[in-house]
There are 2 protein chains.
Amino acid sequence: MTFKKILDVCEKHGFVKRIINKSIDNDAVNKLVKIGPVGALLQENLKTEWFFSMVINRENTVFLSKDSFVDTYEYGKEICQEKLPFGIAEIKEGIDNVCGNANKLFDFDKYFMEERQLVLRTTMFVAPSKSIQFFHQWQRQRKMWWRKFSAAPGKYHLTDISTNNGCQNVEIKAEYPWGSHLIESLMLLNDLHPKLDSQQLQAKDGRKKVQAHHITSDISLSSMVLNALCDAYDEVPLQNESRSLLRLHRKLTPYKISFSIIASQAAVTEELSQLALYLCRKLRSDHISSLLLPSATKNSLESQYRHYDQLGIPYTVVLNENTLKNGIAFLRSRDTTLKEQVHVSSLSEYVQQLFKNY
Amino acid sequence: MTFKKILDVCEKHGFVKRIINKSIDNDAVNKLVKIGPVGALLQENLKTEWFFSMVINRENTVFLSKDSFVDTYEYGKEICQEKLPFGIAEIKEGIDNVCGNANKLFDFDKYFMEERQLVLRTTMFVAPSKSIQFFHQWQRQRKMWWRKFSAAPGKYHLTDISTNNGCQNVEIKAEYPWGSHLIESLMLLNDLHPKLDSQQLQAKDGRKKVQAHHITSDISLSSMVLNALCDAYDEVPLQNESRSLLRLHRKLTPYKISFSIIASQAAVTEELSQLALYLCRKLRSDHISSLLLPSATKNSLESQYRHYDQLGIPYTVVLNENTLKNGIAFLRSRDTTLKEQVHVSSLSEYVQQLFKNY
């Protein structure tokens, strides 16, 4: 399993596109990846999950800042009646300096063309008396978050705390055969914030006036896409050969459901295609991202499964001649390669249940 | 109801922030709006709904393009085995020219500082034999989409088709007391695409080779935020005065649920605050964006309701002394101002049902 091999599979299926000649040696893969259409959907899902975990589903209120960090801080402080803790999440271009040390580069970022990547940053303002405890809890939560979506959760770990100019820094790294990659940077600062003065940082810990400490999480969005692909990549032995697939988490995968049709007669194929189209539209209207390709009726089942597995699609709906008689379709799992029976009338409901939980 | 009055309410509640002195006359409101933290959540929800309607829930497959339109087109064409129709959705900076006419400005865009707004563009590639029909259907669908989220759906209408250099153009406009605003621009072009040559546009209509026509929808994201706010703004008479509120659609509103606590004794207030915190976290973990403010225990119910109504929050959970005894809370509706009883144990489930449908 090499990075180049993973990129080969991902490029074949529209996750990424490399820009210069692939035949050049491995190191020249640097700075030459663009996000393809399937990768764009993956990125959208990653951003959505980040948004849920950082903004919607926080114990404390987190405000989303778009045009002005300071305005958002002032609004948040006022509406919280100055009570700590509260937070601010931002989606911003490039990393500016919180910590006083040099700009930190996320390891996967070096594979991208653009100089200024989108950074997802969350800053929590907390009372000094609770900041250390909060920082430790935050580290655990963030590590758990990466592990939740991983096909091999053991690869994520926290580094030791390093201290620099009064700033405590912990990194979340992912271990790959070709090296260790920084994917999230966590910082605790008890000094001034680069954009807020000491007056602005005054807030309340219960009834006491204090100067808020701030804890920051930085993630690069593009890096997150490459990391998700490398994390999900797996090779399984199959009849004397090794077959690659992407074990993308069900919440992240660009397409949740694909379709395969098996029939010998053209008329039956046509009827099953209509049924597949109907089922696909039903799933889509229930917010399940589904892929119905013209190849669903043409290629062999084996080659279709290989294609769908490499796209990271968790389930394939298999329709055959009997489906027209008894309404029973099969749901083939990417991870187990087993099939289970589902009646077409309850397909969408059943699939929604499958994708509901993490 | 004037635009300035709407901006006053929206600025008070963190939807937008005006940048220069408000005391200047109305016209100078031009070019001076930033999106605030509550507006940023509204924008996120608008983008999500656009993404669902344009990418996930389409009858035909639509690919999301991030780094390269042409690469996405080539990938989509290949995976669809050149079969029309298919589409491409993009979130891009600024409007480039599809139609040959001068850059069209969305009316609400002029209130924003930045010169280059984010544009949500969808391009459908369709067979020439079906393009006119598709274009008409698309117009109806898009008009319906705007109406679906509107508090007063009648304000959205389609303009007549105007033809310019072989490009048919239809606009969706919203009528306000102060004028008519362009909010979406739809185009049908049967000529070359600015980024694709005639060779690339060759595709299949059934078995026939044809040169694809393309149909485009352009929406400005920032304009969509201001439009949603103006659309939702309403004034209702209340005891000899007029009270303003935002009737934001339940899918768009930044916060779905807020909390109010009524109790005379401090100990009871404290206990109810703990319950509210528990319920708020439960709702948030079920992906329901909820707002629990320190003011929930302090301000009068009337002033809390006014605040929440102006934030566009559809329901407020009201907890009182009896809630501690019998577990019954009240769910107060923004739109009807009526309250219904809900047991705290089934609150999250009930609220999820309320927000499930459109």
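Reading the values: rules and limits
- Each residue is numbered by its place in its chain's sequence as written, counting from 1.
- The lettering of chains begins at A and the numbering of ligands begins at 1, in the order of writing.
- Owing to the predicted nature of the model, reporting of local features is limited to residues with pLDDT of at least 70; listing and counting of side-chain atom pairs is limited to 80 or more, with chain, interface and lining totals taken over all residues.
- Excluded from the side-chain calculations are hydrogens and water; all other atoms, namely the structure's heavy atoms, are used.
- We call two residues in contact when some of their heavy atoms are within 4.5 Å.
- A 1.4 Å probe defines the accessible area here, and the buried area is the portion of it lost by two parts on being joined, summed over both.
- Each salt bridge in this description consists of a side-chain nitrogen of Lys or Arg and a carboxyl oxygen of Asp or Glu lying within 4 Å of one another.
- What qualifies as a polar contact is a pair of N or O atoms within 3.5 Å, subject to a donor-acceptor requirement within protein and to the restriction that residues adjacent in sequence count only when both atoms come from side chains.
- Elements are defined by DSSP. Helices are runs of H or I of four residues or more, strands are runs of E of two residues or more, and each kind is numbered from the N terminus.
- Axis definition: a line fitted to C-alpha atoms, over the contacting stretch in the case of helices. Angles run 0 to 180 degrees between N-to-C directions.
- To sort the angles, those under 35 degrees are grouped as roughly parallel, those over 145 as roughly antiparallel, those from 65 to 115 as roughly perpendicular, and the leftovers as oblique.
- Gly counts as polar in this scheme, as do all residues outside two lists: the nonpolar Ala, Val, Leu, Ile, Met, Phe, Trp, Tyr, Cys and Pro, and the charged Asp, Glu, Lys and Arg.
- Criterion used throughout: strands pair if DSSP finds at least two bridges between them.
- The atoms used to superpose the copies are C-alpha atoms, taken from residues with pLDDT of at least 70 in both, and the fit is least squares.
- When accessible area is computed with a 1.4 Å probe and restricted to protein chains, residues below 20% of their type maximum are described as buried, those above 50% as exposed, and intermediate ones as partly exposed.
- UniProt positions are given in the numbering used here, feature names are shortened, and annotations may be inferred rather than shown by experiment.
- Put simply, a nonpolar core is a bunch of buried Ala, Val, Leu, Ile, Met, Phe, Trp, Tyr and Cys residues held in one set by side-chain atoms that sit within 4.5 Å of each other.
- All domain edges in this entry derive from an automatic or database-based domain assignment.

## Thoughts on the interface of chain B and chain A
Listed per partner, the contact involves 50 residues of chain B and 50 residues of chain A. Both faces considered, chain B and chain A share a buried interface measuring about 4600 Å² in area, 55% of it formed by carbon and sulfur atoms. Area buried by chain B at its contact with chain A is led by Lys66, Arg284 and His287 of chain B, which between them contribute 13% of it. For the pair chain B and chain A, the number of links is seven salt bridges. Residues Arg281 of chain B and Glu59 of chain A are paired through a salt bridge, measuring 3.1 Å at the closest nitrogen-oxygen approach. Across the contact surface, chain B and chain A share 18 residue pairs in polar contact (both at pLDDT 80 or more). Only strand E2 (33-35), helix H2 (37-56), strand E3 (62-65), helix H3 (69-79) and helix H7 (266-285) of chain B provide two or more residues apiece to the side of chain B that touches chain A. With eleven residues, the top contributor of residues to the side of chain B that touches chain A is H2 of chain B.

## Digging into unusual backbone geometry
Residue and element names in this part refer to chain A. In this structure, the amide linkage connecting Leu84 to the following residue, Pro85, adopts the cis form with an omega of -5°. Its place among the elements puts Pro85 in the loop between helix H3 (69-79) and strand E4 (86-93). Here the phi dihedral of His287 falls at roughly 70°; this positive angle occurs in a residue that is not glycine. Here His287 lies in the loop between helix H7 (266-285) and strand E16 (290-291).

## Considering the packing of H2 of chain B against helix H6 (residues 221-232) of chain B
Residue and element names in this part refer to chain B. Orientation of H2 relative to H6, taken along the N-to-C sense of each, is 110°, at an axis distance of 9 Å. In terms of axis orientation, H2 runs roughly perpendicular to H6. Of the residues in H6, those touching H2 at Gly39, Leu42, Gln43, Leu46 and Lys47 are Leu221, Met224, Val225, Ala228 and Leu229. Residue composition of the contact of H2 with H6, grouped by class: seven nonpolar, two polar and one charged.

## Thoughts on the sheet that holds E16 of chain A
All names here are of chain A. With mixed pairing, five strands are arranged side by side in an open sheet as E16-E15-E17-E18-E19. What marks the edges here is a single partner per strand, and that holds for E16 and strand E19 (339-343). Where strand E15 (residues 257-262) lies against E16, two bridges are found, and the strand directions are parallel. Residue Ile257 lies in a different strand from E16, and its bridge partner there is Ser290. Where H7 meets the sheet, it contacts E15, E16 and strand E17 (315-320), and its direction lies at approximately 170° from that of E15. Here helix H8 (residues 301-310) sits on the sheet in contact with E15, E17, strand E18 (328-333) and E19, set at roughly 175° to E15.

## Comments concerning the relation of the copies chain B and chain A
Note on the identical chains: chain B maps onto chain A by a rotation of 180° and an axial translation of 0.0 Å, with an RMSD of 0.0 Å. Taken together, the rotation angle and the small translation identify this as a two-fold axis. Residues of chain B ranked by C-alpha distance from the rotation axis are headed by Thr48 of chain B, positioned 4.5 Å from it. By residue overlap, the copies meet face to face through one surface: 100% of the interface positions of chain B are interface positions in chain A.

## Details of the pairing of strand E18 (residues 328-333) of chain B
Residues and elements named next belong to chain B. As paired strands, strand E17 (residues 315-320) and E18 are joined by four bridges and run antiparallel to one another. What sits directly across from Val317, in E18, is Leu331. In terms of strand pairing, E18 meets strand E19 (residues 339-343) through five bridges, oriented antiparallel. Its bridge partner lying in E19, Leu331 is registered against Glu340. The antiparallel pairing of E18 with E19 creates a hairpin that spans five residues between the two strands, and Thr337 there sits at a positive phi of about 60°.

## What to know about the pairing of strand E10 (residues 202-205) of chain B
Here E10 of chain B shows a buried face lined by Ala203 and Asp205 of chain B and an unburied face lined by Gln202 and Lys204 of chain B. From the end of E10 of chain B to the start of strand E11 (residues 208-211) of chain B, which pair antiparallel, there are two residues, and Gly206 of chain B there has a positive phi angle of about 65°.

## Points about the UniProt feature "domain: Anticodon-binding" (unreviewed entry) in chain A
Mapped onto the present numbering, the UniProt feature "domain: Anticodon-binding" (unreviewed entry) falls at residues 268-353 of chain A. Annotated as residues 268-353 of chain A, this span is 48% helix and 22% strand, and its ends, taken at the C-alpha atoms, are 30 Å apart.

## Section: the nonpolar core
Counting residues in each nonpolar core, the largest one holds 204 residues, and the members touching the most others are Phe15, Phe125 and Ile257 of chain A together with Phe15, Phe125 and Ile257 of chain B. The dominant element in this core, judged by the number of residues it contributes, is H2 of chain B, at eleven residues.

## Topic: the domain arrangement of chain A
Residue and element names in this part refer to chain A. Under the domain assignment used here, chain A contains domain 1 (3-231) and domain 2 (255-356). Computed from C-alpha atoms alone, the centre-to-centre distance between domain 1 and domain 2 is 37 Å. Facing seven residues of domain 1, the contacting portion of domain 2 comprises five residues. Between domain 1 and domain 2, a total of about 510 Å² is buried, with carbon and sulfur atoms accounting for 61% of that surface. Scanning the region where domain 1 abuts domain 2 turns up zero salt bridges. In this structure, the connection of domain 1 to domain 2 is made through one residue pair in polar contact (both at pLDDT 80 or more). Secondary-structure elements contributing two or more residues to the side of domain 1 that touches domain 2 are helix H1 (3-12) and helix H2 (37-56). By residue class, the composition of the side of domain 1 that touches domain 2 is four nonpolar, two polar and one charged.

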